[in-house]
Amino acid sequence: MGSVTSIAFNYDLSYFFCGTDHCSIFLINSLNLSMELKSTAHSSRINDVAFPQDYSDVFATCSYGEIRLWNIHNQA
């Protein structure tokens, strides 16, 4: 999911966050290198945003090669 662009460790070095050039953020356990995807985003500019008629709890965004659906209550 892209090349690593940033690494940030927690205070005791047991975990670290790893960011990629494809706009993904992973939480990685330093001891066993298990990882969990924490966040993703568009890696190119957003070309459009659309809300369903009379319903603003979700919306869609489109970028180069992808469409994402978002929920405003859980920010995902």
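Now for a quick tour of the structure. (Residues numbered from 1 in each chain as written. Predicted model: local features only at pLDDT ≥ 70, side-chain atom pairs only at ≥ 80, totals over all residues. Heavy atoms only, no water.)

Positionally, Asp-12 belongs in the loop between strand S1 (4-9) and strand S2 (15-20). In this structure Asp-12 comes out as partly exposed when scored by relative accessible area, which is 41%. Sequence-wise, Asp-12 and Glu-66 are 54 residues apart; in three dimensions their C-alpha atoms are separated by 37 Å. A distance of 3.0 Å separates polar atoms of two side chains, one belonging to Asp-12 and the other to Asn-10. (Helix = DSSP H or I, 4+ residues; strand = E, 2+ residues; numbered from the N terminus. Buried < 20%, exposed > 50% of the residue type's maximum accessible area, 1.4 Å probe, protein only. Polar contact = N/O pair within 3.5 Å; in protein donor to acceptor, adjacent residues only side chain to side chain.)

Before going further, it helps to spend a moment on the sheet that holds strand S7 (residues 66-71). With respect to topology, three strands assemble into an open sheet ordered S5-S6-S7, the strand pairing being antiparallel. With partners counted over all chains shown, the strands left at the sheet margins are strand S5 (46-50) and S7, one partner each. Here the average twist between neighbouring strands, direction ignored, is 20°. Note that strand S6 (residues 58-63) and S7 share six bridges and pair antiparallel. Counted as the bridge partner of Ala-60 is Leu-69 from S7. (Pairing = 2+ DSSP bridges. Axes fitted to C-alpha atoms, helices over the stretch in contact; angles between N-to-C directions.)

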